[in-house]
Amino acid sequence: MASKDPVYIITGASKGIGLEALKYFVTIPCNIITVSRSIPEELSKILDAHKNIYHFCGNVSDTEISDIIIETVEKLGGKINAIVHNVGVAPILKIQDTPVEVWKRVFDINFFSMVDLTQKALPFLRNAKGRVLFVSSGVAVKGKQGWSAYSCSKASINMFAQVLADEEPDVFTLAIRPGVVNTSMQEYIREQMKNGFSKEDIELFENYNKEKKLKDPKEPASVLFNLATKEKLPEKCTSGEFISIDDERLASYKTFKSQ
Ligand SMILES: NC(=O)c1ccc[n+]([C@@H]2O[C@H](COP(=O)([O-])OP(=O)(O)OC[C@H]3O[C@@H](n4cnc5c(N)ncnc54)[C@H](OP(=O)(O)O)[C@@H]3O)[C@@H](O)[C@H]2O)c1
């Protein structure tokens, strides 16, 4: 199974941004390791068509998943060219209504799973001078009612990326802000907003949808794919930065633009 082709890891590849990213990666010669809890039909068809995808079904907060990923990396030859840490869950609840168990679950999925996989992956990332891309969010830097646990988990990711960059000069890392994207996460957010949030907030998220202001998931997916695979790193970008996909320094990495 050892392979000369690059090795990429995408978490949360069953739908949304992760699935669209996977569709880009299958267009180049490489090995792709993916994770999600479910295998919807679209993913199932892609897995059937591409024998270079090693998909693991499970919860990323279970450390056995990262162990299986690393075992696969070793079998493929012991290098990781890039990780796209894309998994994320976003319960929309006010602080007064968010039990600490929910905070812990959000951090386990959104943050500690990334810490665990990144730690285990480091020797293989150093080997390949690899890249670590964290899918973060605008709410990592802007507090807004209802977003407490999610925002705090994304703010932690941003800081983790900075420290990782400082400690690991051979690994290039970015925390990426994808914008407001048309995925099932946005549908879930619109539903949750109805539970006691301000009229303005409900309208804000309804209007993103009604006025077709949501980005196509292919847009952030194209940026993630190009950042992971292009030989050249983006000019004037510092490892560890939190950066929007709309930043002009990433313009040439955005090969798909929403209408
Ligand atoms: N959509 C937006 O507007 C937006 C904005 C800012 C940031 N983001 C970030 O972008 C990333 C992708 O979001 P998305 O909008 O594409 O969301 P999505 O459509 O809900 O997809 C999330 C993906 O993560 C997987 N996943 C969730 N929990 C998991 C777990 N415990 N273990 C394994 N896999 C899990 C899901 O697969 P299964 O359900 O099959 O497990 C799915 O593949 C997230 O980090 C999110 O925070 C999104």
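Residues numbered from 1 in each chain as written. Predicted model: local features only at pLDDT ≥ 70, side-chain atom pairs only at ≥ 80, totals over all residues. Heavy atoms only, no water.

The name that an unreviewed UniProt entry assigns to the protein is NAD(P)-binding protein, with the source organism given as Anaeromyces robustus. The UniProt entry for the protein carries this comment under Sequence similarities (unreviewed entry): "Belongs to the short-chain dehydrogenases/reductases (SDR) family." (UniProt positions renumbered as here; feature names shortened; annotations may be inferred.)

A. View of the pairing of strand β6 (residues 172–177). β6 sits mainly inside the fold: 5 of its 6 residues count as buried. Sheet analysis places strand β5 (residues 131–135) next to β6, joined by 5 bridges and oriented parallel. Bridge pairing in β6 links phenylalanine 134 to alanine 175. Read as a crossover between parallel neighbours, the route from β5 over helix α5 (residues 148–167) to β6 is right-handed. Here β6 pairs with strand β7 (residues 241–244) via 4 bridges, running parallel. By the bridge assignment for β7, alanine 175 is matched with phenylalanine 242. (Buried < 20%, exposed > 50% of the residue type's maximum accessible area, 1.4 Å probe, protein only. Helix = DSSP H or I, 4+ residues; strand = E, 2+ residues; numbered from the N terminus. Pairing = 2+ DSSP bridges. Right-handed = clockwise from strand over helix to strand, strands pointing away.)

B. Quick look at the sheet that holds strand β2 (residues 31–36). Overall, parallel pairing links the 7 strands, which are arranged β3-β2-β1-β4-β5-β6-β7 in an open sheet. Whereas interior strands pair on both sides, the edge strands pair on one side only; in this sheet they are β3 (53–57) and β7. Across the sheet, the axes of successive neighbouring strands diverge by a mean angle of 15 degrees, strand direction being ignored. Contacting β1 (7–11), β4 (82–85), β5 and β6, helix α8 (residues 218–229) runs over the sheet at an angle of about 165 degrees to β5. (Axes fitted to C-alpha atoms, helices over the stretch in contact; angles between N-to-C directions. Contact = heavy atoms within 4.5 Å.)

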